[in-house]
Amino acid sequence: MSFFTERLGWARRLSPDHMGRSLVAAGVVGLLQIASAVSVGSLVFGGALAPVASIGIGLYLVSLLVNGLLIPILSDNKAWIAGPKSGHAPIFAAMAAGIATDMAGRPLEAVAATVVVALLCTSFLVGLFLWLVGKARLGSLARFIPFPVASGFFTGLGVLMLYGGIKVAGGAAMEAAGALFFLSPSILLHVLPAAAFGCILYGLERKIAHWTVVPLFLAAALALFYGLLLTSGITLEQAADLGWLKPSAHHGANLVPVFTPDQFGLVDWTAVLHEYGKVGVLCLLSVILALLDVSGAEVVIERDLDPNRELRAMGAANMIGVGATSIMGLGESNDMALAARLGGVNFTTVLLIAALVAGFIAIGPAPLGYLPPCIIGGFLVFLGLHQVASWFWKLRKSLPTVDLAVIAVIVATIATIGVLEGVGVGIMLATALFVRRYSRLNVVKRALTSAEFLSSIDRHKEDQAWLDDQGHRVQIFVLQGFLFFGTANRMLERIKEVIASSQSDQQRYLVVDLNSVDDMDSSAANSFSKLMQACARDGLTLCIAANSQKFLNILGKIARDLPLEQGTLQTFADLDSAVGWCDDQLLGERNAAEHRPSEPESAEDLLRDLIVDVETVGVIRPYFEDIAVHQGQVLFHEGDQGNSLYLIQSGSVAIVLTLPDGSTLPVRTMRTGAILGEMALFTGEERAATAIVNADGTLLRLGRAEYDAFIQDHPAHGQKFTASIVRLMAERLGRSNKSVVALSR
């Protein structure tokens, strides 16, 4: 079956409709790629290298051929249309210009060989970086680069490309004139047509948005140029003398090979090493561009791609391609989208584009001499405008003023100093903005008291009422996010304000929950040191709730270094445990101050607290059974039939849930005066949790049979007892709602 399916697939690929669409797509996209390669190659090998511009053009055309084949072959997306990125060109041009400056006075052949080797070595290193990022599955990290930095970076590259187009059009005369070129009418005569070409083409492409705009405009511009020469009677030789054409620059030259082994002796390796500060920028730029193109390609082919695999494919293609003198290339989602509109998103189109590029390389550079520099430069102006618009102009209204200022500073730095410096300035500004913005965030997620946040301990209702009244003595702060010097200081000041506003002669407790904190730096640790000192000075007990051993180690070391008095710092795994401990301390202080007896209340007193009505207490007491329980004893299991309720006279009982993995989760602790199991007794449903005795004690048990007998024998008293249970459940619900409201503020 697979044999016939494969044959059918090849038959479809060779069908006239498929081949026709692929030929049209390859013709249009391939010619645009060649035009771009010629323009960008002229930019990289501009200035002092302009006489050997055919080498730069050859580099870009070889990359268009090699990467155009290798990337789709190695990728999961066989329809990738790939090639050198115009976004790399300003950095490559800066490297070439830097080497030309370092080697001033040396033979042009040696300078060109050094530039070629520098670009190839850089391409290999960037390819290796892409492959390693993909291998380590770290492709998503590039998405964390602050947008103002990325926007400023790409906008700056667009500005450099725009200016590079002006330089290509202005030629050697503009290089000599420098920044004052606009004062020379002869230079402006060459520059203004290029600027007009780029601006008009960008305006038309944006307004019409059709694939025919660019190729037709290029053809029309060439026709207009040669038409003007013809009507004015200017020969090709005269046009070359006037700088409108440069046929001699490519006369006798070849596009390949761009470099041969015998040229290694000409390479100045010191000049190459001087430019390697730009490799890191190219690595970062390439990862961002590759991921953006992967996202764009997913839209075109309507399926997901693994970005890390695509990074590995592009990285491997570039490392392999260096052996064929192919410089850095990536996938081009925009070209894929154009091919899709023409119906040619397939590997056949890829092969046809490669054939077209190979044919152009075979013809040689002679025809390039008849491409007017004003059109080559104008195409670069168009590419630069497109990049500036995509990364800045179209987004300007949606960005905050501060972000716009960061972008402006980055662009100005790139344009006047350099790309590497611009990226460095951008990262520093973005870091400063991040610190400023994040430090203004409130890391105090919630501030409340123990009267608002109730622990999971069920107590005697008299004790709970007293704790509610004394809740202001336990101040609770739930922190969140990242604690560093900005946020930690604000947190400290906020807590100090609360401490100062709740001065009291009574013992007070400060609970700080760190379980929603992601991390803290050394300055945050210093803030906690000041907080501990403030607690020790004002007589507060500081309770830290944290399940992070790292946080506990940091705070423990601070406490030892101060040093603190015994008991000033207490640590707990969670907020509930910390608040429960504080409540226990408050009750212990009260009991000691009031000399309350430590022995438990009688069963009658407990029932009286629950039911209130003395007569009902006397009637129902015989129906309760006194049972002694011991630590570890299970009263009932989750899923058991509910057939009794329990009133705790002494000891304590833990309510735990069984999780799907078999582990248990404590949810409540029931102490003297608490009642449990009442829901299942009334409904007869299965137990929702397991009850395990925490400490030896005595319980009062009312079984289902005894309850039914009591209701039948004493219906009036039964109503009062049932009303008491309902009231107790309502009070529990009210306290729970109170905590929920406090935690949701």
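In this text the structure is predicted, and so the values were computed from the model without any measurement. (Residues numbered from 1 in each chain as written. Predicted model: local features only at pLDDT ≥ 70, side-chain atom pairs only at ≥ 80, totals over all residues. Heavy atoms only, no water.)

1. Observations regarding the overall build of the protein
Okay, step 1: Counting its regular elements, the protein contains 27 helices and 16 strands.
Okay, step 2: Against the globule reference of 27 Å for 745 residues, the protein gives a C-alpha radius of gyration of 39 Å, more extended than a compact globule.
Okay, step 3: Its C-alpha atoms give the protein principal-axis dimensions of roughly 125 × 70 × 45 Å.
Okay, step 4: Counting across all 745 residues of the protein, residues that qualify as buried make up 49%.
Okay, step 5: Within the protein, contacts between residues at least 6 apart in sequence are counted, and of these 82% link residues at least 24 apart.
Okay, step 6: With 54 positive and 64 negative side-chain charges, the protein shows a spacing of 8 Å between the two charge centroids. (Helix = DSSP H or I, 4+ residues; strand = E, 2+ residues; numbered from the N terminus. Rg over C-alpha atoms; globule rule 2.2 N^0.38 Å. Buried < 20%, exposed > 50% of the residue type's maximum accessible area, 1.4 Å probe, protein only. Contact = heavy atoms within 4.5 Å. Lys, Arg positive; Asp, Glu negative; His and termini not counted. Charge placed at Lys NZ, Arg CZ, Asp CG, Glu CD.)

2. Details of the UniProt feature "domain: Cyclic nucleotide-binding" (unreviewed entry) in the protein
Okay, step 1: If you check UniProt for "domain: Cyclic nucleotide-binding" (unreviewed entry), the listed places come out as residues 632-728 in our numbering.
Okay, step 2: End-to-end, the C-alpha atoms of residues 632-728 are 27 Å apart, and along that stretch the chain is 31% helix and 38% strand. (UniProt positions renumbered as here; feature names shortened; annotations may be inferred.)

3. Considerations on the pattern of salt bridges
Okay, step 1: Under the counting rule described, the total for this entry stands at 20 salt bridges.
Okay, step 2: Note that R303 is salt-bridged to D76, the shortest N-O span being 3.1 Å. Note that R303 is positioned in the loop between helix 11 (278-301) and helix 12 (307-321) and D76 in the loop between helix 3 (53-74) and strand 1 (82-83), a separation of 227 residues in sequence.
Okay, step 3: The salt bridge partner of D561 is K557, with a shortest N-O separation of 2.9 Å. One end of the pair, D561, and the other, K557, are both in helix 21 (residues 549-561), 4 residues apart, so they sit about a helical turn from each other. (Salt bridge = Lys/Arg side-chain N within 4 Å of Asp/Glu carboxyl O.)

4. Quick look at the sheet that holds strand 3 (residues 444-449)
Okay, step 1: Strand order in the open sheet formed by 5 strands is 3-5-6-7-8, and the pairing between neighbours is mixed. For this open sheet the edge positions go to strand 3 and strand 8 (569-572), each flanked by a neighbour on one side alone. Each adjacent strand pair in this sheet contributes to an overall mean axis angle of 20 degrees, direction not counted.
Okay, step 2: Here 9 bridges tie strand 5 (residues 474-483) to strand 6 (residues 508-520), and the two strands are oriented parallel to one another. In the sheet register, F482 faces strand 6, and the bridge partner there is D519.
Okay, step 3: Across the face of the sheet, helix 20 (residues 522-538) comes into contact with strand 5, strand 6, strand 7 (540-545) and strand 8 while running at roughly 175 degrees to strand 6.
Okay, step 4: Sitting on the sheet, helix 22 (residues 575-593) is in contact with strand 5, strand 6, strand 7 and strand 8, with an inclination near 170 degrees to strand 6. (Pairing = 2+ DSSP bridges. Axes fitted to C-alpha atoms, helices over the stretch in contact; angles between N-to-C directions.)

5. Details of the sheet that holds strand 4 (residues 457-458)
Okay, step 1: Spatially, 5 strands are ordered 4-13-12-15-10 in an open sheet, and the strand pairing comes out mixed. In the strand order of this sheet, the two ends are held by strand 4 and strand 10 (634-636), each with one partner.
Okay, step 2: Summarising the sheet, strand 12 (residues 652-658) and strand 13 (residues 664-670) pair through 6 bridges and their orientation is antiparallel. The partner of V656 across the bridge, within strand 13, is P666.

6. As for the packing of helix 18 (residues 461-469) against helix 22
Okay, step 1: Direction vectors running N to C along helix 18 and helix 22 enclose 105 degrees, while the axes themselves pass 11 Å from each other. The angle between helix 18 and helix 22 places the two elements in the roughly perpendicular class. Across from D463, W466 and L467 in helix 18, the residues of helix 22 making contact are D583, L586, L587 and R590. (Parallel < 35°, antiparallel > 145°, perpendicular 65-115°, else oblique.)

7. As for the side chain of R687
Okay, step 1: Note on placement: R687 falls in the loop between helix 25 (678-683) and strand 15 (690-695).
Okay, step 2: The side chain of R687 sits in the buried core without any salt bridge; D640 is the nearest counter-charge, 6.4 Å away.
Okay, step 3: Those residues within four positions of R687 in sequence are excluded, and the remaining contacts are F636, H637, E638, G639, D640, Q641, G642, N643, S644, Y646, G677 and A680.

8. Digging into a nonpolar patch on the surface
Okay, step 1: A surface patch of nonpolar side chains, about 410 Å² in accessible area, is lined by I73, L74, I320, F347 and L351.
Okay, step 2: Of all the elements in the fold, those that place two or more residues in the nonpolar patch are helix 3 and helix 14 (347-363).
Okay, step 3: Along the chain, the position of F347 falls in helix 14. (Patch = residues over 30% accessible without salt bridge, like charges linked within 9 Å, V, L, I, M, F, W, Y side chains within 5 Å. Areas by Shrake-Rupley, 256 points an atom, 1.4 Å probe, with all protein chains shown as cover.)

9. So, the packing of helix 20 against helix 21
Packed helices, taken two at a time, are described by the angle between their axes plus the distance between the axes.
Okay, step 1: Put simply, helix 20 and helix 21 touch, their axes get as near as 10 Å, and they point 50 degrees apart. The angle between helix 20 and helix 21 places the two elements in the oblique class. You can see that helix 20 and helix 21 cross each other, and the crossing is right-handed. Across the interface between the two elements, A525, F528, S529 and M532 of helix 20 pack against I554, L555, I558 and A559 of helix 21.
Okay, step 2: Class assignment for the residues of the contact of helix 20 with helix 21 results in 7 nonpolar, 1 polar and no charged. (Left-handed = near helix turned anticlockwise from the far one by under 90°. Nonpolar A, V, L, I, M, F, W, Y, C, P; charged D, E, K, R; others polar.)

10. So, the packing of aromatic side chains
Okay, step 1: Applying the stated criterion across every chain yields a total of 11 aromatic pairs.
Okay, step 2: Plain terms: the ring middles of F572 and W581 are 5.6 Å apart, the flat faces sit at 50 degrees to each other, and that makes the pair tilted.
Okay, step 3: Judged by relative accessible area, F572 falls into the buried class, the value being 14%.
Okay, step 4: An aromatic cluster of three or more residues is present, and its members are Y623, F624, Y707, F710 and F721.
Okay, step 5: Between R396 and the ring centre of W393, over which it is positioned, the NZ or CZ distance is 3.7 Å.
Okay, step 6: Above the ring of F636, the side-chain terminus of R687 is found at 4.0 Å from the ring centroid. (Phe/Tyr/Trp six-rings, centres within 6.5 Å; stacked < 30°, edge-to-face > 60°. Lys NZ or Arg CZ within 6 Å of the ring centre and 35° of its normal.)

11. Let's talk about helix 4 (residues 89-102)
Okay, step 1: For helix 4, spanning 14 residues, the distance from its first C-alpha to its last is 20 Å, which sits close to the expected 20 Å at 1.5 Å a residue.
Okay, step 2: The element helix 4 is extensively covered by neighbouring structure, given that 10 of its 14 residues are classed as buried. (Expected span 1.5 Å × (residues − 1).)

12. With respect to the nonpolar core
If you look at soluble globular proteins, the nonpolar side chains tend to sit buried side by side.
Okay, step 1: Counting residues in each nonpolar core, the largest one holds 121 residues, and the members touching the most others are V44, F45, F92, L119 and F153.
Okay, step 2: Residues in contact with F45, not counting those within four places in the same chain, are A50, V52, A53, I55, G56, L59, A112, V115, V116 and L119.
Okay, step 3: Of all hydrophobic cores here, the second largest spans 32 residues; its members include L514, L531, F551 and L564. (Core = buried A, V, L, I, M, F, W, Y, C linked by side-chain atoms within 4.5 Å.)

13. Considering the side chain of D458
Okay, step 1: Along the chain, D458 turns up in strand 4.
Okay, step 2: By relative accessible area, D458 is classed as buried at 5%.
Okay, step 3: If we ignore the near neighbours within four places in the chain, the residues touching D458 are R668, T669, M670, R671, A674 and R732.

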